[in-house]
Amino acid sequence: MDRLANTVRPYAWGSTTALPELLGTAPTGEPQAEMWMGAHPGAPSRIDRGAGPVSLAEVIDAAPEAELGADAVRAFGPRLPFLLKLLAAGSPLSLQVHPDLDQAREGFADEERRGVPIDAGHRNYKDANHKPELIVALTPFDGLCGFRHPAQTADLLANLGVDGLKPYVDILRASPEEDALREVLTAVLSAEHHAIAETVEQAAVAVGRLADRGGPHAGDYAAYAGLAHHYPGDPGVLAAMLLNHVRLQPGEALFLGAGIPHAYLSGLGVELMANSDNVLRCGLTPKHVDVPELLRVVRFEAGDAGVLRPEAVGGEEVYETPVDEFRLSRFVLAPGAAPRPLVSRTPQILLCTAGTVRLRDGANGATDAAAELALAPGESVFVPAGEPLTLAGDGTLFRATVIA
């Protein structure tokens, strides 16, 4: 196993305090949004096997089957197919969706064929992979996920008393569900900027007033008021009002599959995703919004947010998802308990988020002190495929691996 040295990304929406508090470091005053663990080319973790620090991506490239295992290489090629993150949102991220695998392949091939530069601001597809993702809350965590039922959204918008929203209310009440969602989202994102900005500002005042009034929906109104504060006049604020607002408690999770509009608003969590950069934005961002391509990718399906809770499987708490590129689970270790053996045919990244976790080489626990690593919150290791180890300690450990 290899202790990881990881990069913290300073995106503007990041919290200035959440990651430092977890890591036990002093805040810098600058946002610290994400800590990446894996072999993503944008910020690969580094390991040291005695010859000095080296990129985990380079280590895998040099011997993919030894590091990843034959099964993972056969299924996903000679690369680590997932990226693990600590994500700390101090302000809302952009409202976005991700393509499915076929859409990503088609979109990437089309932009390559048309010669769109890979770093162009209007480029949609950075690679040919899909980007399903899972977020597990470490603190109370607010987000938006999936379309609310149109009739419920119609009532929410009608309560605002904003004349510019009345046409959307009528559509949401009169049209079939999928048609209603498509028509309203299209209208919001395609509207003339001045007119829609005025409606957004009026809606912002109304949601702030209703949030202050209290009641069963005050939390939803407060979330939309916060978006309007951060993104005044942005049509994405109205698009966000079509979505479910959800507050995760620690240990609860959301799975974001292809075509599901979503945004993270605030909180600290563990995020695991397929190794891709493909994002189509719906708003709440100064970046490019490609409305036609977005509408091709979005799934206009209504339902609740689908909060996940882990399922106990042999002492391991597993977050079940419908993808093979990643599998996330959690161990809550108690002091004095027998060490737990852990071995996998596929690569693993282990992340401590609370307490102290001790890892020993060997399925039965090696006795050599040099074969033991102690992880504090925020520390992580890479475990090559097939390498046995044992877990002990008093803390919480997240395990990221693949299904192959």
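Structure: above.
Residues numbered from 1 in each chain as written. Predicted model: local features only at pLDDT ≥ 70, side-chain atom pairs only at ≥ 80, totals over all residues. Heavy atoms only, no water.

**Considerations on the overall build of the protein**
Here is the rule: Secondary structure follows DSSP: runs of H or I at least 4 residues long count as helices, runs of E at least 2 residues long count as strands, and numbering of each begins at the N terminus. Based on C-alpha atoms, the radius of gyration is set beside the globule rule, defined as 2.2 Å times the residue count to the power 0.38. Residue exposure ignores everything except the shown protein chains as possible cover, and the areas themselves are Shrake-Rupley values with a 1.4 Å probe. The sign given to each residue is positive for Lys and Arg and negative for Asp and Glu; His and the chain ends receive no count. Working definition for charges: the position is that of NZ of Lys, CZ of Arg, CG of Asp or CD of Glu.
Counting its secondary structure elements, the protein contains 12 helices and 21 strands. The C-alpha atoms of the protein give a radius of gyration of 22 Å, which matches the 22 Å a tight globule of 404 residues would have. Summed over its atoms, the accessible surface of the protein is roughly 16,700 Å², and 52% of this surface lies on carbon and sulfur atoms. Counting 32 positive and 52 negative side-chain charges, the protein places the centres of these two groups 1 Å from one another.

**What about the packing of aromatic side chains?**
Two aromatic rings, taken as a pair, are described by how far apart their centres are and by the angle between their planes. Rules: Between rings of Phe, Tyr and Trp, where Trp is taken as its six-membered ring, a pair exists when centres lie within 6.5 Å; planes separated by under 30 degrees are stacked, by over 60 edge-to-face, and by other angles tilted. Each residue gets one of three labels from its accessible area relative to the maximum for its type: buried under 20%, exposed over 50%, partly exposed in between, using a 1.4 Å probe on protein chains only. For a Lys NZ or an Arg CZ to count as sitting over a ring, it must be within 6 Å of the ring centre and within 35 degrees of the ring normal.
Enumeration over the complete set of coordinates arrives at three aromatic pairs. Ring geometry for F141 against Y264: centres 5.5 Å apart, planes inclined by 75 degrees, an arrangement best described as edge-to-face. Placement of F141 in strand β9 (residues 141-147) and of Y264 in strand β12 (residues 262-274) is noted, with a sequence separation of 123 residues between them. The exposure class assigned to F141 is buried, which follows from its relative accessible area of 1%. One residue, R9, lies across the ring of W36, its end atom 4.5 Å from the ring centre.

**A few points about the nonpolar core**
Burial of nonpolar side chains together is a common tendency in soluble globular proteins. Which entries qualify depends on this criterion: What we call a nonpolar core is a set of buried Ala, Val, Leu, Ile, Met, Phe, Trp, Tyr and Cys residues that are connected through their side-chain atoms within 4.5 Å. We call two residues contacting when some pair of their heavy atoms lies within 4.5 Å.
One finds L95, L144, L157, L160, L238 and M241 to be the most contacted residues of the largest nonpolar core, which totals 53 residues. Residue contributions to this core peak at eight residues, all from helix α9 (residues 193-213). Beyond its immediate chain neighbours, meaning those up to four positions away, M241 contacts R148, T153, L157, L160, A203, V207 and Y224. In this structure, L68, L86, L268 and I349 belong to the second largest nonpolar core, which totals 37 residues.

**Observations regarding helix α5 (residues 101-113)**
Side chains three or four residues apart in an α-helix point the same way, a direct result of the helix having 3.6 residues per turn. Rule in force here: Between the first and last residue of a helix there are one fewer steps than residues, each counted as 1.5 Å, and that sum is the expected span. It is the directions from the helix axis to the C-beta atoms whose arc is reported. N or O atoms within 3.5 Å of each other form a polar contact, as long as, within protein, one can give a hydrogen and the other can take it, and as long as residues adjacent in sequence are counted only when both atoms are side-chain atoms.
Taking 1.5 Å as the rise per residue, α5 with 13 residues should run 18 Å; its terminal C-alpha atoms sit 18 Å apart, in good agreement. Among all positions in α5, only Q103, A104, G107 and E111 are buried. One side of α5 holds all its buried residues, which, seen down the axis, span an arc of 100 degrees. On its buried side, α5 packs onto α12 (291-297). One side-chain oxygen at the N-terminal end of α5 lies 3.2 Å from the backbone nitrogen of D102; it belongs to D100. Looking one or two residues beyond α5, the residue adopting positive phi is G115, at roughly 70 degrees.

**Concerning the packing of helix α6 (residues 150-158) against helix α7 (residues 166-174)**
Heads up, the rule is: Every axis corresponds to a line fitted to the C-alpha atoms, with the helix fit spanning only the stretch in contact, and the corresponding angles, defined between N-to-C directions, vary from 0 to 180 degrees. Here the word oblique covers every angle except those under 35 degrees (roughly parallel), over 145 (roughly antiparallel) and from 65 to 115 (roughly perpendicular). Left-handed describes a crossing in which the near helix is turned anticlockwise from the far one by less than a right angle; the clockwise case is right-handed. Put simply, Ala, Val, Leu, Ile, Met, Phe, Trp, Tyr, Cys and Pro go in the nonpolar bin, Asp, Glu, Lys and Arg in the charged bin, and everything else, Gly too, in the polar bin.
Where α6 contacts α7, the two axes come as close as 8 Å, and the packing angle between them is 155 degrees. With respect to each other, α6 and α7 are oriented roughly antiparallel. The element α6 and its partner α7 pack so that their crossing is left-handed. Across from P150, A151, T153, A154, D155, L157 and A158 in α6, the residues of α7 making contact are Y168, V169, L172 and R173. Residues of the contact of α6 with α7, tallied by class, amount to eight nonpolar, one polar and two charged.

**What to know about unusual backbone geometry**
In this model, L284 sits at a positive phi of 60 degrees, which is unusual for a non-glycine residue. Following the sequence through the fold, L284 ends up in the loop between β13 (280-283) and α12. The class for L284 is buried, based on a relative accessible area of 1%.

**Considering the pairing of strand β15 (residues 316-319)**
Note the cut-off: If DSSP finds at least two bridges between two strands, the strands pair.
Relative to β15, strand β14 (residues 311-313) runs antiparallel, the two sharing three bridges. Across the sheet, the residue bridging to V313 is E316, located in β15. Counting the residues between successive antiparallel strands, the hairpin from β14 to β15 contains two residues, one of them, G314, with a positive phi of roughly 60 degrees. Two strands pair when backbone bridges link them, and β15 and strand β16 (residues 327-333) are joined in this way by three bridges, in the antiparallel orientation. Its bridge partner lying in β16, E317 is registered against R330.

**As for the pairing of β16**
Of all the seven residues making up β16, five are buried; the element is thus mostly covered by neighbouring parts of the structure. Here β16 pairs with strand β21 (residues 389-401) via seven bridges, running antiparallel. Within the sheet, the bridge partner assigned to S329 lies in β21 and is R399.

**Some details on the environment of V307**
Take V307: it is sitting in the loop between α12 and β14. Residues within four places of V307 in sequence aside, it is in contact with V246, L248, E252, A253 and L254.

**Structural notes on the side chain of K131**
Our working rule: Salt bridges are counted wherever a side-chain nitrogen of Lys or Arg sits within 4 Å of a carboxyl oxygen of Asp or Glu.
Within the element layout of this structure, K131 appears in the loop between α5 and β8 (133-137). Despite its burial, K131 pairs with no opposite charge, the nearest such side chain being E133 at 4.1 Å. What K131 contacts, discounting residues up to four positions off in sequence, is H98, P99, L256, M273, A274, S276, N278 and V279.

**Let's talk about the side chain of E252**
Its place among the elements puts E252 in the loop between β10 (243-248) and β11 (253-256). A polar contact of 2.8 Å, which involves the side chain of E252, links it to the backbone nitrogen of Q249.

**With respect to the pattern of salt bridges**
On inspection of all chains with the given rule, the structure shows 21 salt bridges. The partner of D110 in a salt bridge is R113, with the nearest N and O atoms 3.3 Å apart. Residue D110 and its partner R113 are both found in helix α5; the two are separated by three residues, about one turn of the helix. Residue R113 is classed as exposed on the basis of its relative accessible area of 62%. Through salt bridges with shared partners, a single network forms among D2, R49 and E67.

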